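Residues per chain are reported as follows:
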Amino acid sequence: MKLKLKIWRQKDAADKGGIVDYELDEVSEDMSFLEMLDTLNEKLTLDGQDPVAFDHDCREGICGSCGVVINGEAHGPVQTTTCQLQMRSFKDGDEIVIEPWRSRAFPVIKDLVVDRSSFDRIIGAGGFITAPTGVAPEAHATPVPKADADEAFNNATCIGCGACVASCPNGAAMLFTSAKVTHLNLLPQGGPERESRVINMVGQMDAEGFGGCTNTGNCTLACPKEIPFTSIANLNKEYRRALSKG
Ligand code: SF4
Ligand code: FES
């Protein structure tokens, strides 16, 4: 395939940045989206130009670091991570616009790389348990109802990629925060911090400058791990419950 790429280039956080046009040929439909960017970067490097900076690590949908906006959609046209998006989702002659996550709480560091440490600070505010872990306990030592275990597990699959924020017109981090709160608040091990966790994580989310939820639902449609919208309802329920306990 031959592609026209329009890529956001920004030297550093202070630079205004802008879209730069590139042409790339010999793109195989078997390449991942990141391999396509690798190919462009090889070409730029051989031409003595600065390669496009983008985040990536595991390249298998686990670490959550690879998110970019592709043709206006977080992670592109398929509900997956950018590293797991294959070039067969595009066709010869396509024009592809590639931009970084856009959110006040995710400032651009360079090109397509944004600073997502605001998510780390939300986790630091309450995304942990204080129960002693020690060696692996006997599987049935702490009974957990099957429905709670399943819901906790589903929410635990959040990889912190930030697509929910990037796809939200308000730049809200409610789906991310709700996944973390729902995962830990459903389990007995998370019980001791049940109230302080939700109060502190929501407080940190607001302090970081994320917007509020207005139930548009874009987040859950963009989420590569299909964290359900009901997790946000659960976050609100947990928050009200914690407030009522003083
Ligand atoms: S909720 Fe989904 S979109 Fe948001 S950070 Fe977690 S995995 Fe990514
Ligand atoms: S590089 Fe780890 S999820 Fe994409």
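Definitions and limits used
- Residues numbered from 1 in each chain as written.
- Chains lettered and ligands numbered in written order.
- Predicted model: local features only at pLDDT ≥ 70, side-chain atom pairs only at ≥ 80, totals over all residues.
- UniProt positions renumbered as here; feature names shortened; annotations may be inferred.
- Pairing = 2+ DSSP bridges.
- Helix = DSSP H or I, 4+ residues; strand = E, 2+ residues; numbered from the N terminus.
- Axes fitted to C-alpha atoms, helices over the stretch in contact; angles between N-to-C directions.
- Parallel < 35°, antiparallel > 145°, perpendicular 65-115°, else oblique.
- Left-handed = near helix turned anticlockwise from the far one by under 90°.
- Contact = placed C-beta atoms within 7 Å.
- Nonpolar A, V, L, I, M, F, W, Y, C, P; charged D, E, K, R; others polar.
- Core = buried A, V, L, I, M, F, W, Y, C linked by C-beta atoms within 7 Å.
- Buried ≥ 20, exposed ≤ 12 C-beta atoms within 10 Å, placed from the backbone.
- Domains from an automatic or database assignment.
- Near = placed C-beta within 6 Å.
- Expected span 1.5 Å × (residues − 1).
- Arc of directions from axis to C-beta.

As recorded by an unreviewed UniProt entry, the chain carries the name Succinate dehydrogenase/fumarate reductase iron-sulfur subunit and is attributed to Spongisporangium articulatum. Its UniProt record, at the heading Sequence similarities (unreviewed entry), says of the chain: "Belongs to the succinate dehydrogenase/fumarate reductase iron-sulfur protein family."

With that settled, consider the sheet that holds strand S2 (residues 18-24). Strand order across the open sheet formed by 5 strands is S2-S1-S5-S3-S4, with mixed pairing between neighbours. The open sheet is flanked by S2 and strand S4 (73-74), the only strands paired with a single partner. In terms of strand pairing, strand S1 (residues 3-9) meets strand S5 (residues 95-99) through 4 bridges, oriented parallel. Looking across to S5, one finds that Lys6 is bridged to Val97.

This next bit is on the packing of helix H2 (residues 117-126) against helix H6 (residues 194-207). Remark: H2 packs on H6, axes separated minimally by 7 Å, with the N-to-C direction vectors making an angle of 155°. As judged from the angle between their axes, H2 and H6 are roughly antiparallel. Viewed along their axes, H2 and H6 form a crossing whose handedness is right-handed. Across from Arg121, Ile122, Ala125 and Gly126 in H2, the residues of H6 making contact are Ser196, Arg197, Asn200, Met201, Gly203, Gln204 and Met205.

To continue, consider the packing of helix H5 (residues 174-185) against helix H8 (residues 230-244). For the pair H5 and H8, interaxial distance at closest approach is 8 Å and the crossing angle is 65°. Here H8 runs roughly perpendicular to H5, going by the angle between their axes. Considering the relative orientation of H5 and H8, their crossing is left-handed. On H8, the residues touching Met174, Leu175, Thr177, Ser178, Ala179, Val181, Thr182 and Asn185 of H5 are Ser231, Ile232, Asn234, Leu235 and Glu238. Partitioning the contact of H5 with H8 into residue classes produces 6 nonpolar, 6 polar and 1 charged.

What follows covers unusual backbone geometry. Phi is positive for Asp111, which is not a glycine, with a value near 45°. Counting through the fold element by element, Asp111 comes out in the loop between strand S6 (108-110) and strand S7 (113-114). Phi at Glu226 takes a positive value of approximately 55°, unusual for a residue other than glycine. As for its placement among the helices and strands, Glu226 is situated in the loop between helix H7 (218-222) and H8.

Counting through the fold element by element, Val69 comes out in strand S3 (residues 69-70). Sequence separation of Val69 and His183 is 114 residues, and the distance between their C-alpha atoms is 27 Å. Residues contacting Val69, with those up to four places away along its chain left out, are Ala74, Glu99, Pro100, Trp101, Arg102 and Ala166.

Cys164, Val165, Ala173, Leu175 and Phe176 are the most contacted members of the largest nonpolar core, which totals 56 residues. At 6 residues, the largest contribution of residues to this core is made by H5. The two domains that each donate at least three residues to this core are domain 1 (3-110) and domain 2 (116-244). Those residues in contact with Leu175 that sit more than four places away from it in its chain are Cys164, Cys219, Thr220, Cys223, Ile227, Ser231 and Ile232.

In the neighbourhood of ligand 1, 14 residues make up the surrounding shell, with Cys158, Cys161, Ala163, Cys164 and Cys223 lying closest. For the shell around ligand 1, the secondary structure elements donating two or more residues are helix H4 (163-167) and H5. Ranked by residues supplied to the shell around ligand 1, first place goes to H5 with 3 residues. Partitioned by chemical class, the residues of the shell around ligand 1 number 11 nonpolar, 2 polar and 1 charged.

Turning next to H6. An α-helical turn contains 3.6 residues, so a residue and the one three or four places further along point in the same direction. Here H6 is 14 residues long and its end C-alpha atoms lie 20 Å apart, about the 20 Å a rise of 1.5 Å per residue gives. Within H6 the residues assigned to the buried category are Arg197, Val198, Met201, Val202, Gln204 and Met205. Viewed along the axis of H6, the buried residues span an arc of 160°, placing them on a single side of the element. Buried residues along H6 sit in contact with H2, H5 and H8. Backbone geometry just after H6 places Gly209 at a positive phi near 95°.

What follows covers the domain arrangement of the chain. Segmentation of the chain into domains returns domain 1 (3-110) and domain 2 (116-244). Computed over C-alpha atoms only, the centres of domain 1 and domain 2 are separated by 29 Å. Facing the 17 residues of domain 1 at the interface are 16 residues of domain 2.

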